[in-house]
Each structure stands twice: as C-alpha cells, then as structure tokens.
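The primary structure of each chain is shown beneath.
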Protein chains: 2
Amino acid sequence: MPEYKAPIRDIKFVMQELLDCDNHYQKLGYEDASLDMVDAIISEAAKFTEQVIAPINQSGDEQGCTWTNGEVTTPDGFKEAYQQYVEGGWPTLAQNVDFGGQGLPHSLNTAITELFSSANHSFAMYPGLSHGALATIEAHGSEQQKNQFIPKLVEGSWTGTMCLTEPHCGTDLGMLRTKAELNDDGSYSLTGTKIFISAGEHDLSDNIVHIVIARIPGSPEGSKGISLFIVPKFNVTNEGETSDRNAVNCGSIEHKMGINANATCVINFDGAKGYLIGEVNRGLNCMFTFMNVARLGVATEGVAAAEASFQGALAYAKDRLQMRSLSGVKNPDGPADAIIVHPDVRRMLLTQKSIAEGGRALIAYLAQLVDIGHASTCEEEKATAEAKLALLTPIAKAFLTELGLECTSHGVQVFGGHGFIKEWGMEQLMRDTKISCLYEGTTGIQALDLLARKILGSKGKILKPFGSEVTKFCLENAEDDAMQEFIQPIMSFGGDWQKMTEKVGEKAMQNPDEIGAASVDYLMYSGYLTLAYFWAKMAKVAQDKLKEGCDDEAFYQAKIKTARFYFQRILPRANGHAACVENGAESMMALDADDFSF
Amino acid sequence: MPEYKAPIRDIKFVMQELLDCDNHYQKLGYEDASLDMVDAIISEAAKFTEQVIAPINQSGDEQGCTWTNGEVTTPDGFKEAYQQYVEGGWPTLAQNVDFGGQGLPHSLNTAITELFSSANHSFAMYPGLSHGALATIEAHGSEQQKNQFIPKLVEGSWTGTMCLTEPHCGTDLGMLRTKAELNDDGSYSLTGTKIFISAGEHDLSDNIVHIVIARIPGSPEGSKGISLFIVPKFNVTNEGETSDRNAVNCGSIEHKMGINANATCVINFDGAKGYLIGEVNRGLNCMFTFMNVARLGVATEGVAAAEASFQGALAYAKDRLQMRSLSGVKNPDGPADAIIVHPDVRRMLLTQKSIAEGGRALIAYLAQLVDIGHASTCEEEKATAEAKLALLTPIAKAFLTELGLECTSHGVQVFGGHGFIKEWGMEQLMRDTKISCLYEGTTGIQALDLLARKILGSKGKILKPFGSEVTKFCLENAEDDAMQEFIQPIMSFGGDWQKMTEKVGEKAMQNPDEIGAASVDYLMYSGYLTLAYFWAKMAKVAQDKLKEGCDDEAFYQAKIKTARFYFQRILPRANGHAACVENGAESMMALDADDFSF
C-alpha cells in the first residue's frame, strides 16, 4: 500500500504562486482566508488525511460495506474517522456562517477535497454527497426548510444524497417514474425505486437527507414534469430534530468494481413523506444549478487518483532494482539499477506527474471561478467567470477522469506483476477511479454537453472569455524567448481548435450526428490544449522565480522540465484526436445495428 | 453477465477466406486438417466454451481460489469442466502423435484458444501453462524425460507451470537465487522461492510439472549461469507414473485485481528433486525458444477480451433505451431510442469490433507462421516466417493487450453506471485482462524487445520480409480505385515508419536512452500500422467476394465499413505516437530521480 503524503508544496505553488489566492480572496471579501489561515488549514488537512483517512483505504476496500435488513454497516474505522471529521469541523469549512459554517471560500475546500479523495476515494464521497444536498436546499429551499435541514448537514451530524437514477433511466431523466402525490398537509408521498444512490444508507450519521426527483401525477411528460423533493430518512420536526422513521428503505447495495467502502444503494420510497423544493416541475433546473460544482468534484477525483498512483509508482521506481540502464550503470554497488533510470518507466511517471500537477492547476483555477460566482459583487466579472466555468467544467470532468484512469493504469504497470496484486494498493486506485468516468454524466455525456449544448448552443460565444485569456497570455509572452517552446504550440493547436470548431459546426447543420461523432475526440483535444495552457502558465511562474532568485531552485526547475515533457510527449496526442474529428461521422453511422455482428 | 457466443463466422472468414488455411495446411502436410475437420473442431470448441466454460466465468471470479495448508481449491465447477476438457481430447489437439497427440496444426489450436480465453480467462490459463511446460520438455528434454512426462501432459491428466520470477527479480532473471545442487544420482536438489506461478497449485490434475530456472552453485553470475529443471509435484517413476510427494509446496496464493479463478502461487522448493533439461547454464536460451509462442498466447487474450466485451456492449446497446437520436427519432413506439443510435456509443462499439476482428486476423497470421516453423521443409520459407514472427510477436503482444484493455474499458463505458456493477460482468473483463499487459513481459519490455533487440539489433534486417509483403500488397492494389482509401494511408504511414526507424537508430548511437524513450510509442505506431495492413487485406477479400456475388453480402459490407472506421478513426492515433517518438528522450531524462516530487 503506497503511503500517502499530501502534496503541500505543489498545492501552495498552485494556489499562491500561480493563482495568487491571497489577492483573489481579499478582493472577494474572504477576509478570514489569509495566507496563514490557508497554510494552516492545508497542513491540518494533510495531517488528517495522511493519518486518519488514508490508513482505512485499503482495509475499507477489502471489507466493503455490508447490508443487513435494510441497514448498512461501513467498514471498520469509517464511523470513527467520520466522527473525527465532524469534530474537526471539516464539513463546516466553506459553509454559510448563518447555518454554522466557517464561511471560507469554496476553492479552499476544493484543494482539501483532493487530499481526501487521494487518501480514500470511498470515504471522500460521503461528505461530497452531503455537500450537493445541502447546496440544493440552500439555493432552492424555503426558509423553513433551510432552518430545518441545513444546520445539521453543515455540522455533518446528518448526511445527504442525490436520488436521480432509476433502473430504466440514467442519462435520460425524463423517463423517470417515481411519483409524488400531494398530501392534505402540503407534504408529498413519494413512491418509487432509485438506484445507484451513493451513500444512500450507512451508519455514519444520525439522519440521511435525500434530495429526490419525482413526478407529480398530471405533470407534463419528459423532463418538464420533474419536481424536486427533500425526503429525510427520519422525519424532522419544525425545530430541526429527528422524529419517527420515514418510509425510505435501502433495498440492497451493489457489488462493484471499486469504491467498495462507499455504499451504492437501491433506495425504495414506499409512500415516504417528502417536501417540495422550489417550484413544481422545475426540479431539473434546480439540479442543474449544482451540476458544475458536482462535476468539478468528480474532476478532482481524477487528479487525486493520478496523484495517489504517482506517489506509489515513484516510491517503487526509486526502490526496485531491476536491469541496468542502457546508458551505463547507475548503481554500481547494487545488483541492478533502480528502475527509475529506465526511460519508459520515466515516461509513465512523468505522464502521471504532468496530469496530476496540470490537473491540480486547472481544478484550482475553476474553483476560483466558483468563488467569484458565489462572492463577487461585479456582474460582469460573474458572467465571465460563469462562461469560463461552463466551458471548462465538462472538459475537466471528462478529460481529467479519463487521464486519471490512464495514470492509475501506468501506476500498475510501473509495478510490473506486483501492480496486479491487491497488497500493493495500485490496482485499487485503478478500480476506484473508473467510476469517475461514469457518474455525474459519462465521458460521452460531458462531450455532448461541451460541444452541443455549450459551444454550438451558444454559437461559439461561450469560447470567448477563456479564449481571450489564453490569447492575452500568449501575446504577453510573445517576446519571451524562453517561453516560445510553450507559446508556439498553444497558438498552433489553438488555431486548429478554432477551425475544428467552425468546421464541426458547419457539418452539424447538415447532419446533427456529426456532433456526437466528433464530441469525445473534440473534448479530448480541448483537454490536452487546456492543460497545455496551464502548464505554460506554470512554466512562466517558475521561470520568473528562477530569474528573481529563490531557495527552491530544484522545485522550479522540475516544473519547467515537467512542462517540457507535457508539451513534447503528451500534447502531441491531440493530433490524433484532431484527425478523428476531421474524418467525421460517416464511418461511424454506416453500419446497420443488425450488422455489427454475424 | 454477457452471454458468450463464439464468433464462428468471423473465424472462418479469417482462416479460410483471408488466410486460405486449406492450402496452407495441405502444403505443410497437415492432411487431417481438412476444411471439414477445421469446421467441425471450431464448432465443437464453440459449443464447449459457450456451454461449459463461459458459465463458470463469473462465479469463478466471485469465489476465487482458496488456499488451505498448501492445497489450492479451484472455484465450483472448474474441476468438472477441466475433466470434460480432458475427456473431450482438447489438450491433445495440436500435440505430437508420438505422445498421444492429434498432430493438428498450431494455428487451429490458436483459433480455439481465443474462444477459451473470451469465455473464461482464468480457466484458459490452466491448459495454456501446461502447453509451455510440455513444449519446453519436447524441445530440450532427454528421450527419457519426454517419455516420462509428455504423455500425461498431452493427455491433460497432468498440468505444467513455468517457474521464473522470484520476489526480487522479474524482468531481470539474471538476479535469481534459487539454487540447484547436484545429487549423487544425477538429479538436483532445488532450494528457493518462486512467486507469481500461475496454476502453480490446484485440484484439477493428478500431478503438476514445474519447469524451473535455477542456478547451479559455481555457475557464472547473471543470465549466463541459469539452468533449467523439471521439478514435479509428485515424483515420477521411469515408466511415467506418479510416486511419492516431492518437496515442492505452495506457500500462499495472491489476492489480485482479476483472474481470481486462476491460482497465482508462491512456490517453495525445499530441496525438491529436479532434473536438468538441456545443457548446464543454457536455461535462458531454452526458455527463449518458446517466448514467441507464449507471447502470441497472451496477445490472443487481448483479442479475446476485446471480443467478449464487444459482445456484451453490443447486446446492451441494442437493448437499452435512452435519449433520442440527434438526427431524428428511430424508435417511435418506444419511450426512447436504443443507445446504439448514438454516434459516441458506436465509436466505442466499432473500436472494440475493429480491434477484435483486426487482432484476430493478425493472430491467425502469426499462428500460421508458427505452423511453418514447425512443419515446413523449406529452410528459406522457415527463415522468412521466423523473421516475421520475431518482428510481429512483441507488437501483437503489447499492442493487442493494451488495446484489449482499452476495449474492455469501453465496454464498461457503454453500460454507463451499470458497467461498474459486478453483476453485468463487464468490469470483470477489464480486471481480468489487465494482467495481459503485465505477464510474459510488460508492454515496456515488449517495446524494448522490438526496437532494441529485434530491429536495431538486426540493423533493420528483420523488417524486410514483412515490409516486402506489405509493399507487394500495396503494389498489387495500386490500380484498384476501391482500395485506395486503404492503400494510400498504409504507404504514407509505412514511409514514415521507415524514416522514424532510421532516425531512432541514428539517435540511439549517440544516446542509448533514445531507444527506451521511443520504444513504447514506436511499438504502438507499429501496431496501428500493422493492423491497418490486415484491415486492408480483409477489405480486399470482402470487395472481391462482393464482386463475385455471394449470399453473405451484409457480412462483407460490414467488413468494408469496419475497415473504413479503422482507417478513419483508429489509425490516426499513430500520428500522436510519431510526434512523441520524434521529440526524443531529452524531456524524459532531464529530471533527477530526487526531483520528481517535493
């Protein structure tokens, strides 16, 4: 099992040196988020995740959750760790002070989320889901609902879920069947079955607050007839205390490829009491408010997995002696050289490193945009931030989770046959992280969201704010010789991106299937280019620091070298995706469904 | 769990129509391998794998093997299935008639191996390992050893293993420590520990014949001091019957990511009686004889995984209703369209299909080269076949297993969240097939074998026989308009391949690390190009059949359309790999080992 160490130095580089979080927080009025406070919180989170959360990752996978008569028991140590998590005040960090939160910025919480997810993907999901439920009630609930439900969710003594999927409908929520019938007292009775409810039932908290989408009889068909409800496991008094058990039951839990310590539940609503949130039939709109934040959370899991796998692989590569370097013996006193001398091992390690660090920068940047959405008083700044966030969120979600999966596969590969053995913990990372390519919208769905809904849907307008930022950066560095190895490729790939987008748009007017045919390759191209921009920015910061003179020279040199690796060995993959986009839909649509197999 | 159906129609297409196995077998003197016989054997293998082997795949994964006091119990049904396998005469198929085999060609056995591996990767490994042990004894054993050990291995009542790896040495076998001391009677006493011994202990057979590499005290250090031994679990009389227990014990079994129904054992030799095979200190050379055949077997697993995952994903994509086609409703009577209408689902299915079918053709071609090596009487033909096989085996092994893994990941993805649930069987395929990228030499090792040992080691000579074949095919079809969409890219990518090879060779003379830095990208490029050649050949056969007129028009049209998909949507990936090769070693070697992390 690789020992997890929070990458504190790199987080500080990203937050403070790359993204100047101090200025960012002060401008937005987050006065408590001083540099000292940020440092202290990250250090504490590092300790907590390293010492409390990481040690129950492997045992949690082995043991899994168990279901007995509707009750779910989490693996040994989870209850105690969750208790410590609540006592440490972690759930309150970025929550509203009116409900007992600390009112710190979202982006600080996001930085910490990566640590939890690297240390223990399954554990990190419990608070993650609560956050979605809480945010939904805060944005769309009535004052009474907020007072009833939010304080305990903020505190962490209650947890939450999002109940969307049913057996016959995942992506296509318009097909849902769970029904909500109005009671005389203004509440609703919910009846139906939801599946894939993460953290749907467990023994960590005193109550579980389900946010459920359902159909009120007589509503329009499809997605325009969906309403949103709060359905607590235990009913709640007006004062916000639990009372009797509601008719919500966990029918079973799934046996899965990974995230075994997080209970994925079938939840049955048998006339359960529920409370409408927001307006009738506007449920999907309420959900969409938080889609970006939830997807950013999953994107973070991709980075977290790449980081955890990198740490394991790096330690092994320095320790494992096997074969001699082709360019001459490096460890003459040992029976062989450490495998980190071999170029192909380095290729895998540097792929992991460049994705983890580049992805970390992208996520931190997006989290700052979320801060602006929450706290800025300038409407123009907010609109710009929202456009960037809307564009980059599906890219981050799909690209970073796909690359996260690839990185965990490299982690197994660096270990050779040992990587396949559970004991080393490397294969668990691969099994756990595959879910991130699936939930909160698969890679294919993110790609459609990006290309169809966001880019073509806005006739390209949505590209402008981020496009201008990238162009500005390139122009600012146009005269800097040391930056040309990064600036030139961005300009070239960026120009092609624009042409590709226009071309797909034109083709889509003739044949809408061109969108779906291009979408994933288009998204991956966009992802490689976006990360190139962040690597170029990081290289720039590092070059400036080295020019200024600093104690930390090796760190900044490593940044520049890793940026170079990214541009030389990762970015070129975008070419293959461009050619696939160029080649269009025809070869994909030509086969009749009956002719795929004979 | 996807129901497995052997792809009989496609196997016949490859063997008979693409590779004219009838003529091939008759020329080599395999008189029994008539078309009727080939058909009958494939049909029987289809029935057996579908009805006996596939049904215990998922239960085998769930249950796994269990170790108790040195004894290993395979999952329910494995013993009975193996018994049926032996009674059906399957192990004897391609074995020497002198030892009770049926003397049928290796390539026929390879075709069947794919079915076993698709149906149940873990099960298929038991006979697979036996074959390696048997072949080693047949090639290098004494007459007495052959008579003692081979008949029971052919029959299948005994099984075999290959014991190479030790805890501190995998790739670097020169470091091995297991020692073999000469006894007075000419036998040896072996002492040491081997790990990762697949099928090292189990309850399927009456005896287990371990082929073990060990060092005789006083031998040269490194790989020149390794000798090869037969070490049976039960000692064997001169007449080839089992007698008393040998001092070989299974210390434990590994808990793994996948192939849970195949026991991966720690085997302890505590002064176990062993018999030298071949000459002292020539053990590694003996092992290398079969490396190509064993690697071809693993390459087949990649194809088998892609095929099995394709079958599951295709059935689901036709059945699952979700969302409407962007180009208009396709299933007006249903609540949504089947997801096979969506272009991105087709992208994943066609990727699986083009890799499974293209890979099948490559494997079948390589298996015919093995036939030629076994049975041809023409030395020139043999030499040509061996050169092609040496070149293409590492490509097939690494490329097809990496793509096999990708295809199983697509299979999970087509199922959405359901793909992550064990019940559907899609995630098992992904877990099981990851091992194929690791054992028999990782992807990185195959790539070094290809580029360093084979291509640069032969100064490019090894490329000629296969290169000439491809050129000949391109020239033959240079005037055929309908073939230009396939011929032109092969010529173009092929030309770049040649230049890339020369350039890497030149750079490697300055810096040997250039080889390792280029190797995996070079291999992947080679893989995409090689498969393009086989897809072009298949398209040609299909076009000819359609010109001639045939009953099976849809089948041949599908071949051409799948070829087109491969050329338009898969082959372009090679561009990204070429750019990575071009960019060289510098960015990979620049970081000190201590500067990967701070």
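Source: prediction; values computed, not measured.

1. Observations concerning the relation of the copies chain B and chain A
Superposing chain B onto chain A takes a rotation of 180° plus a shift of 0.0 Å along the axis, which leaves an RMSD of 0.0 Å. Interpreted geometrically, this transformation is the action of a two-fold axis. Within chain B, G576 of chain B has its C-alpha nearest the rotation axis, a separation of 2.7 Å. A symmetric contact is evident, with 100% of the interface residues of chain B recurring at the interface of chain A.

2. Observations regarding the interface of chain B and chain A
The interface is formed by 97 residues belonging to chain B together with 97 residues belonging to chain A. The junction of chain B with chain A conceals about 8300 Å² of combined surface from both sides, 65% of it contributed by carbon and sulfur atoms. A per-residue breakdown of the area chain B buries against chain A is headed by F420, R569 and F596 of chain B, which together make up 11% of the total. Connecting chain B to chain A are two salt bridges. Across the pair R569 of chain B and D521 of chain A runs a salt bridge whose closest N-O atoms are separated by 2.8 Å. The tally of links between chain B and chain A comes to 42 residue pairs in polar contact (both at pLDDT 80 or more). The residue makeup of the side of chain B that touches chain A, split by class, is 46 nonpolar, 26 polar and 25 charged.

3. So, unusual backbone geometry
At F196 of chain A, a position not held by glycine, the phi torsion is positive, near 60°. Tracing the backbone through its elements, the reader meets F196 of chain A in strand 5 (residues 188–198). Positive phi, normally seen in glycine, also occurs at E440 of chain B, with a value near 60°. Structurally, the position occupied by E440 of chain B is in the loop between helix 13 (426–433) and helix 14 (443–456).

4. Topic: the nonpolar core
Counting 407 residues, the largest nonpolar core has F399 and Y566 of chain A together with F399 and Y566 of chain B as its most contacted members. Setting aside residues no more than four positions away along its own chain, F399 of chain B makes contact with P394, L523, M524, G527, Y528, L531 and Y566 of chain B.

5. Structural notes on the side chain of H24 of chain A
Among the secondary structure elements, H24 of chain A is positioned in helix 2 (residues 21–28). Other than its neighbours up to four places away in sequence, H24 of chain A contacts L19, S107, Q368, D371 and I372 of chain A.

6. Quick notes on the domain arrangement of chain A
Residue and element names in this part refer to chain A. Split into domains, chain A comes out as domain 1 (286–455) and domain 2 (460–588). Placing the centre of domain 1 and that of domain 2 at their C-alpha centroids yields a distance of 17 Å. The partner domain 2 presents 31 residues to the 36 residues of domain 1 that form the contact. Overall, the association of domain 1 and domain 2 removes approximately 2800 Å² of surface from exposure, summing both partners, and the carbon and sulfur fraction of that is 82%.

7. Brief notes about the packing of helix 3 (residues 35–53) of chain A against helix 6 (residues 106–119) of chain A
Residue and element names in this part refer to chain A. Packing of helix 3 against helix 6 brings their axes to within 9 Å, and their N-to-C directions diverge by 15°. By the angle between their axes, helix 3 is roughly parallel relative to helix 6. Between helix 3 and helix 6 lies a crossing of right-handed hand. Contacts from V38, I41, I42, A45, A46, F48, T49 and I53 of helix 3 reach helix 6 at L108, I112, L115, F116 and A119. By residue class, the composition of the contact of helix 3 with helix 6 is 12 nonpolar, one polar and no charged.

Cut-offs and rules
Residues numbered from 1 in each chain as written. Chains lettered and ligands numbered in written order. Predicted model: local features only at pLDDT ≥ 70, side-chain atom pairs only at ≥ 80, totals over all residues. Heavy atoms only, no water. Least-squares fit on C-alpha atoms with pLDDT ≥ 70 in both. Contact = heavy atoms within 4.5 Å. Buried area = accessible area lost by both parts, 1.4 Å probe. Salt bridge = Lys/Arg side-chain N within 4 Å of Asp/Glu carboxyl O. Polar contact = N/O pair within 3.5 Å; in protein donor to acceptor, adjacent residues only side chain to side chain. Nonpolar A, V, L, I, M, F, W, Y, C, P; charged D, E, K, R; others polar. Helix = DSSP H or I, 4+ residues; strand = E, 2+ residues; numbered from the N terminus. Core = buried A, V, L, I, M, F, W, Y, C linked by side-chain atoms within 4.5 Å. Buried < 20%, exposed > 50% of the residue type's maximum accessible area, 1.4 Å probe, protein only. Domains from an automatic or database assignment. Axes fitted to C-alpha atoms, helices over the stretch in contact; angles between N-to-C directions. Parallel < 35°, antiparallel > 145°, perpendicular 65-115°, else oblique. Left-handed = near helix turned anticlockwise from the far one by under 90°.

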